[in-house]
Amino acid sequence: MKLSSLQVRKFAREFQVLDLTGNGTIEWEDLARGVENLARLSGWAEDAPEREAFLGRRRELWRLLTSAADRNHDGRISLEEYVVFWARVLAQAGGDRAHVPKWFGHLIMTCFDALDLDKNGVIGRDDYARFLKAHGVQIDVDACFARLDHNGDGVISRKEGLELFLDFTMSADPAAPGNWLWGPIQES
Ligand SMILES: [Ca+2]
Ligand SMILES: [Ca+2]
Ligand SMILES: [Ca+2]
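The shown structure was predicted, so the numbers you read here are calculated from the model rather than taken from an experiment.

### Topic: the nonpolar core
By size, the foremost hydrophobic cluster in this structure holds 22 residues, and its most contacted members are Leu115, Ile123, Tyr128, Phe131, Leu148, Leu164 and Leu181. Secondary-structure elements contributing two or more residues to this core are α5 (102–115), α6 (125–134), α7 (141–148) and α8 (158–170). Ranked by residue count, the leading element in this core is α5, at five residues. Apart from the residues within four sequence positions on either side, Leu181 is in contact with Leu148, Leu164 and Phe168. By size, the runner-up hydrophobic cluster in this structure holds eight residues, among which are Phe15, Leu65, Tyr82 and Met170.

Shown next, in the form of structure tokens:
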């Protein structure tokens with residue numbers, strides 16, 4: 001599926017957020033570092049259940065990336081591999097958010113749970129801020145959160161979260177709120 005320039009820039013942005021080591025590819029080390037940063041910021045002990053749960057979600061993401069995105073099997077995901085991977089997911093869904101593959105809906109909920117750091121069932125501003133900080137993302141957190149929190153009730157519910165992640169991954173609309181998930185998208 002041909003992605004729009006905006007869609008490619010969004011995936012490039014997400015790639016940048018995931019590439020914590022900043023070496024231009026995503027490898028397990030990036031995801032593991034995210035877990036360590038988050039554990040430090042959150043005060044999680046080595047054997048804390050929160051740490052285990054987050055680590056489990058990152059392992060799940062890594063399994064998916066290595067099996068479905070790492071086309072040359074070199075154990076790392078290049079930006080091109082990442083974008084091609086998403087183009088294929090979107091093609092599978094026919095570009096229609098009502099027909100996303102089941103595993104993709106599951107992945108979104110895994111991402112939602114990863115962001116709900118205090119486990120109260122919604123993503124609050126503090127969950128979001130801590131997640132971004134652990135990934136070295138420096139943006140105006142309040143401004144972004146306000147755009148994501150569509151109904152302005154101060155939290156992102158599961159239902160809102162689903163729509164936001166679908167916006168981010170599928171929408172070619174420059175005005176879609178979910179585009180702001182990882183901060184402003186670079187101009188083309
Ligand atoms: Ca990396
Ligand atoms: Ca690769
Ligand atoms: Ca929460």
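The discussion continues.
### Brief notes about helix α4 (residues 79–92)
Its 14 residues give α4 an end-to-end C-alpha distance of 20 Å, which sits within 8% of 20 Å, the value for a rise of 1.5 Å per residue. Every buried residue of α4 is accounted for by Glu81, Tyr82, Trp86 and Leu90. Packed against the buried residues of α4 are α1 (5–18), β1 (25–26), β2 (77–78) and α8. At the exit of α4 stands Gly94, carrying a positive phi of roughly 60 degrees.

### Considerations on α6
Restricting attention to buried positions, one finds in α6 the residues Asp127, Tyr128, Phe131 and Ala134. Down the axis of α6, the smallest arc covering the buried residues is 135 degrees, so these residues share one side. In the segment just after α6, Gly136 is the residue with positive phi, at about 65 degrees.

Rules of the game
Residues numbered from 1 in each chain as written. Chains lettered and ligands numbered in written order. Predicted model: local features only at pLDDT ≥ 70, side-chain atom pairs only at ≥ 80, totals over all residues. Core = buried A, V, L, I, M, F, W, Y, C linked by C-beta atoms within 7 Å. Buried ≥ 20, exposed ≤ 12 C-beta atoms within 10 Å, placed from the backbone. Helix = DSSP H or I, 4+ residues; strand = E, 2+ residues; numbered from the N terminus. Contact = placed C-beta atoms within 7 Å. Expected span 1.5 Å × (residues − 1). Arc of directions from axis to C-beta.

Any link to function would need more than the numbers given here.
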